[in-house]
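As a plain string of letters, each chain reads:
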Amino acid sequence: MSDAVLRDEMARGLLARTRALLDEGDLDRGRLKRIEALLAELSAEAELWGETAFAEPSAEEKQNRFQIAQDAETGLTLYLNVMRPGKKIPPHNHTTWACVSAVVGSEINTIFKRLDDGSVEGRAQLEVADVIDLRPGTTISLLPDDIHSVEIRGDQVIRHLHFYGRPLETLSNRLTFDLAAGTCKVMDIGVKTKT
């Protein structure tokens, strides 16, 4: 079986198994951890996510995002992010659940706790709650209102799978946060997704 066929089969399996988990009841951290474990199985197949099928970004762009699979009915969407050292994504939420699993390289995820109640539009106070070094064999999951930032350090291009409850391209109300200014605003999509 070719890598492309195996990759497609495994990605479709992830979507089907996730749909089944979500059909069991409301999403909570426990159910999200089970989805995270399914994604980890896929990311362990590092040979499926290499340079031949998924090119590194240019030095200027620093990130390529590839859509791997999508469930048209539910919106579940799997991406592969390929990022160069120096890439930083400021604190943000997703407005849907998200799971990330490392294939190759290290992605520093800083998790934030929001201190204010969100009642003043455009204002937000955050504090660091945790820092996670996402490396092969590790995963992270986030509920819709969880806030994190991403930084690629060192000298290695990273490849990580990102799995969302809805396509990133439809998330028009995500917020990005400016820690120094104590502000927040709607976040743009960032890099264009490749298919």
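Look up a bit, the structure's there.
Once a new chain begins, its residue numbering starts again from 1 and follows that chain's sequence as written. Local features in this predicted model are restricted to residues whose pLDDT is 70 or higher, and side-chain atom pairs enter the listing and the counts only when it is 80 or higher, whereas totals over whole chains, interfaces and linings include all residues. As a rule here, side-chain values come from all non-hydrogen atoms in the structure, and water together with hydrogens is ignored.

Enquirer: What is the right way to read the overall build of the protein chain from this model?
Expert: Secondary structure elements follow DSSP: runs of H or I no shorter than four residues count as helices, runs of E no shorter than two count as strands, and numbering proceeds from the N terminus. In terms of regular secondary structure, the protein chain is built from two helices and twelve strands. The order of α-helices and β-strands along the protein chain, N terminus first, is α-α-β-β-β-β-β-β-β-β-β-β-β-β. Considered along the principal axes of its C-alpha atoms, the protein chain spans approximately 55 × 45 × 25 Å. Burial here depends on accessible area, computed with a 1.4 Å probe over protein chains only, as a share of the maximum for the residue type. Under 20% is buried, over 50% is exposed, and the range in between is partly exposed. Put simply, the protein chain has 195 residues, and 46% of those count as buried. Long-range contacts, defined as pairs at least 24 residues apart, comprise 74% of the intrachain contacts of the protein chain with a sequence gap of at least 6. Each accessible area is a Shrake-Rupley result for a 1.4 Å probe, and residues are judged covered by the shown protein chains and nothing else. Working note: accessible area of the protein chain is about 9,700 Å², and carbon and sulfur atoms make up 49% of it. Asp and Glu count as negative and Lys and Arg as positive, but His and the ends of the chain are not part of the count. Every charge is mapped to an atom, namely NZ of Lys, CZ of Arg, CG of Asp or CD of Glu. Here the protein chain carries 24 positive and 31 negative side-chain charges, and the mean point of each set is 3 Å from the other. Throughout, a contact is declared for two residues whenever any of their heavy atoms are within 4.5 Å.

Enquirer: Is there a simple way to explain the pattern of salt bridges in this structure?
Expert: Two side chains bearing opposite charge may form a pair once their charged atoms approach each other closely. Only one rule defines a salt bridge in this text: a Lys or Arg side-chain nitrogen within 4 Å of an Asp or Glu carboxyl oxygen. In the structure shown here, the tally under the stated rule is twelve salt bridges. We note a salt bridge from Arg84 to Glu56, for which the minimum N-O separation is 3.4 Å. Taken together, the positions of Arg84 in the loop between strand S2 (77-83) and strand S3 (88-92) and Glu56 in the loop between helix H2 (29-43) and strand S1 (63-70) put the pair 28 residues apart, joining distant regions of the chain. For Arg84, a relative accessible area of 23% translates into the label partly exposed. Glu56 sits in the partly exposed class, given a relative accessible area of 34%. The network of salt bridges with common partners includes Glu24, Arg31 and Arg34.

Enquirer: Even after reading the chapter, I still don't get the side chain of Lys87, so can you show me in this structure?
Expert: Turning to its location among the elements, Lys87 is positioned in the loop between S2 and S3. Of the side chains with opposite charge, Asp188 comes closest to the buried, unpaired Lys87, at an N-O distance of 8.6 Å. Once residues lying within four places of it in the same chain are set aside, the contact partners of Lys87 are Lys62, Gln63, Val150, Glu151 and Ile152.

Enquirer: Sorry, what's going on with the layout of surface pockets here?
Expert: Where empty space is left in the structure can be found by rolling a water-sized probe over the atoms. Its boundaries defined by the atoms lining it, the largest pocket holds a volume of some 310 Å³. For the lining of the largest pocket, the secondary-structure elements that each account for two or more residues are S1, S3, strand S8 (147-151) and strand S9 (158-164). Here the nonpolar group is Ala, Val, Leu, Ile, Met, Phe, Trp, Tyr, Cys and Pro; Asp, Glu, Lys and Arg are the charged ones; every other residue, Gly included, is treated as polar. Classifying every residue of the lining of the largest pocket by side-chain character gives nine nonpolar, eight polar and six charged. Within this scheme a cavity is a closed region of a 1 Å grid, computed over the protein atoms alone, that accommodates a 1.4 Å probe without allowing it to escape, whereas a pocket is open but has protein on both sides within 12 Å along at least five of seven lines; lining residues each have an atom within 4 Å of a point. Grid points are joined across faces, edges and corners, and a volume is the space filled by probe spheres set on the points.

Enquirer: Please clarify how the sheet that holds strand S12 (residues 193-194) should be interpreted in this entry.
Expert: Through backbone hydrogen bonds, the strands of a sheet pair up, either in parallel or in antiparallel fashion. Reading across from one edge, S7-S4-S9-S2-S1-S12 is the order of the six strands in this open sheet, with mixed pairing throughout. Looking along the sheet, the strands with just one partner apiece sit at the ends: strand S7 (139-142) and S12. In short, DSSP must find at least two bridges between two strands for them to pair. Sheet analysis places S2 next to S9, joined by seven bridges and oriented antiparallel. Opposite Leu78, over in S9, you have Phe163 as the bridge partner. Strands in contact with helix H1 (residues 3-23) are S1, S2 and S9; relative to S1, the strand with the most contacts, it is inclined by about 65 degrees. Lying over the sheet, H2 contacts S2, strand S4 (98-104), S7 and S9, oriented at roughly 25 degrees with respect to S4. Working convention: axes come from line fits to C-alpha atoms, limited for helices to the stretch in contact. Angles between N-to-C directions cover 0 to 180 degrees.

Enquirer: Can you help me understand the packing of aromatic side chains in this one?
Expert: Centre-to-centre distance and the angle between the planes together describe a pair of aromatic rings. Any two of the Phe, Tyr and Trp rings considered here, Trp counted by its six-membered ring, make a pair once their centres fall within 6.5 Å; the pair's planes then place it as stacked at under 30 degrees, edge-to-face at over 60, or tilted in between. Counted according to the given criterion, the structure contains four aromatic pairs. Consider the rings of Trp97 and Phe163, whose centres lie 5.2 Å apart with planes at 85 degrees: the pair is edge-to-face. A residue pair is termed long-range when its members are at least 10 positions apart, and Trp97 in the loop between S3 and S4 and Phe163 in strand S9 qualify at 66 residues. Across the pair, exposure class does not vary: Trp97 and Phe163 are buried alike. Chaining the aromatic ring pairs together yields one cluster made of Trp49, Phe54 and Phe66.

Enquirer: Please explain H1 as it appears in this structure.
Expert: Residues separated by three or four positions in an α-helix point in the same direction, a consequence of the helix having 3.6 residues per turn. To estimate the expected span of a helix, subtract one from its residue number and multiply by 1.5 Å. An ideal rise of 1.5 Å per residue puts 30 Å on 21 residues; H1 measures up with 30 Å between its terminal C-alpha atoms. Among the residues of H1, those classed as buried are Arg7, Ala11, Leu14, Leu15, Thr18 and Leu21. The arc enclosing the buried residues of H1, seen along the axis, measures out at 130 degrees, which places them on a common side. The secondary structure elements touched by the buried residues of H1 are H2, S1, S2 and S9. This arc corresponds to the set of directions leading from the helix axis out to the C-beta atoms.

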